[in-house]
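This is what each chain is made of:
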Amino acid sequence: MCIFCKIVNKEIPSNIILENEEFLAFHDINPKAPVHILVIPKIHVKSFNEISPQTMNNVTKFMQDIAKELKLDKSGYRIITNIGEDGGQEVKHLHFHLLGGAKLAWTHLSDADPKGMF
Ligand code: AMP
Ligand code: ZN
């Protein structure tokens, strides 16, 4: 069982923000911003590649609710999902990073030559 499935099953402790039948939101153990929350589906979905449009539809409302509850909706925030090897996905259970609480950096992400790509 993957580490996030263990969090869903409460076999590993987590600091939960919000939960419903379908999703769980908890604090990232290694925060990269004043607010760094992970939002996951309770069922094991490997990455964004595998999420159904229906689940994506439902997670949208769930994340909007979190942003409102934490009063980030006015100040702004960022949602990131890393996918696979190039995306830098370390935990192979789909998760959305919800980051905020300060003005976030937006830095250069790769020095690879874009000319060779297309
Ligand atoms: P990613 O690189 O997109 O796969 O992100 C994985 C995230 O999971 C990282 O930000 C980790 O800090 C976080 N993480 C890993 N294990 C735990 C855990 N047990 N509780 C909370 N966050 C975790
Ligand atoms: Zn899992």
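Here the structure is a predicted model, which is why all the values come from computation and not from measurement. (Residues numbered from 1 in each chain as written. Chains lettered and ligands numbered in written order. Predicted model: local features only at pLDDT ≥ 70, side-chain atom pairs only at ≥ 80, totals over all residues. Heavy atoms only, no water.)

### Regarding helix H2 (residues 53-69)
Put simply, the test is: Numbering goes from the N terminus for both helices and strands, where a helix is a DSSP run of H or I of at least four residues and a strand is a run of E of at least two. Take the number of residues in a helix, subtract one, and multiply by 1.5 Å to get its expected span. Burial classification: accessible surface area is computed with a 1.4 Å probe over protein chains only, and a residue below 20% of its type maximum counts as buried, one above 50% as exposed, and the rest as partly exposed. Throughout, the arc means the angular range of directions from the helix axis out to the C-beta atoms. Any two residues whose heavy atoms approach within 4.5 Å are treated as being in contact.
With 17 residues, H2 should reach 24 Å at 1.5 Å per residue; the first-to-last C-alpha distance of 25 Å fits that figure. Listed in full, the buried residues belonging to H2 are Thr55, Val59, Phe62, Met63, Ile66 and Ala67. The buried side chains of H2 occupy one side of the element, clustering within an arc of 140° when seen end-on. The outward face of H2, more than 90 degrees from its buried face, is lined by the exposed residues Pro53, Gln54, Asn57 and Lys68. Along its buried surface, H2 packs onto strand S1 (16-19), strand S2 (23-27), strand S3 (35-41), strand S4 (77-80) and strand S5 (96-100).

### Notes on the site of ligand 1
We count it as follows: Any residue with at least one heavy atom within 4 Å of a molecule or strand is counted as near it. We define a polar contact as two N or O atoms separated by no more than 3.5 Å, with the added condition that, inside protein, one atom must be a possible hydrogen donor and the other a possible acceptor, whereas residues neighbouring each other in sequence contribute only through side-chain atom pairs. Accessible surface area values rest on a Shrake-Rupley calculation with a 1.4 Å probe, where residue burial reflects the displayed protein chains alone.
Taken together, 16 residues sit near ligand 1, with Asp28, Asn82, Glu90, His95 and His97 positioned nearest. Within the side chain of Asn82, a nitrogen or oxygen atom sits 2.9 Å from an oxygen atom of ligand 1. Within the side chain of His97, an N or O atom sits 2.8 Å from an oxygen atom of ligand 1. Computed on the free molecule, ligand 1 has an accessible area of 510 Å², of which 86% lies beneath the protein chains in the complex. Where the shell around ligand 1 is concerned, the elements lending two or more residues are helix H1 (3-8) and S2.

### Comments concerning the pattern of salt bridges
Opposite charge on two side chains permits pairing when their charged atoms draw close. Going by this rule: What counts as a salt bridge is simple: a side-chain nitrogen of Lys or Arg found within 4 Å of a carboxyl oxygen of Asp or Glu.
Going through the model one piece at a time under the given rule, you end up with four salt bridges. The partner of Glu19 in a salt bridge is Lys10, and the shortest N-O contact between them spans 3.4 Å. One connected set of salt bridges, linked through shared partners, spans Lys10, Glu19 and Lys42.

### Focus: the coordination of the zinc ion (ligand 2)
Heads up, the rule is: The donor set covers N, O and S atoms within 2.8 Å of the metal, switching to 3.2 Å for Na, K and Ca, and it leaves out water, so a site may look short of donors. Under this scheme a four-donor centre is tetrahedral when all angles range from 85 to 135 degrees, a four-donor centre is square planar and a six-donor centre octahedral when opposite donors are above 155 degrees with the rest from 65 to 115, and any other centre is irregular.
Within the protein, the atoms that donate to the zinc ion (ligand 2) are Cys2 (SG), Cys5 (SG), His44 (ND1) and His93 (ND1), at distances of 2.1 to 2.3 Å. Around the zinc ion (ligand 2), the four donor atoms sit at angles spanning 102 to 120°, and that spread fits a shape best called tetrahedral. Mapped onto the sequence, the residues coordinating the zinc ion (ligand 2) show the spacing C-x2-C-x38-H-x48-H. Residue His44 is located in the loop between S3 and H2, and its partner His93 is located in the loop between helix H3 (84-87) and S5; the two are separated by 49 residues in the primary sequence.

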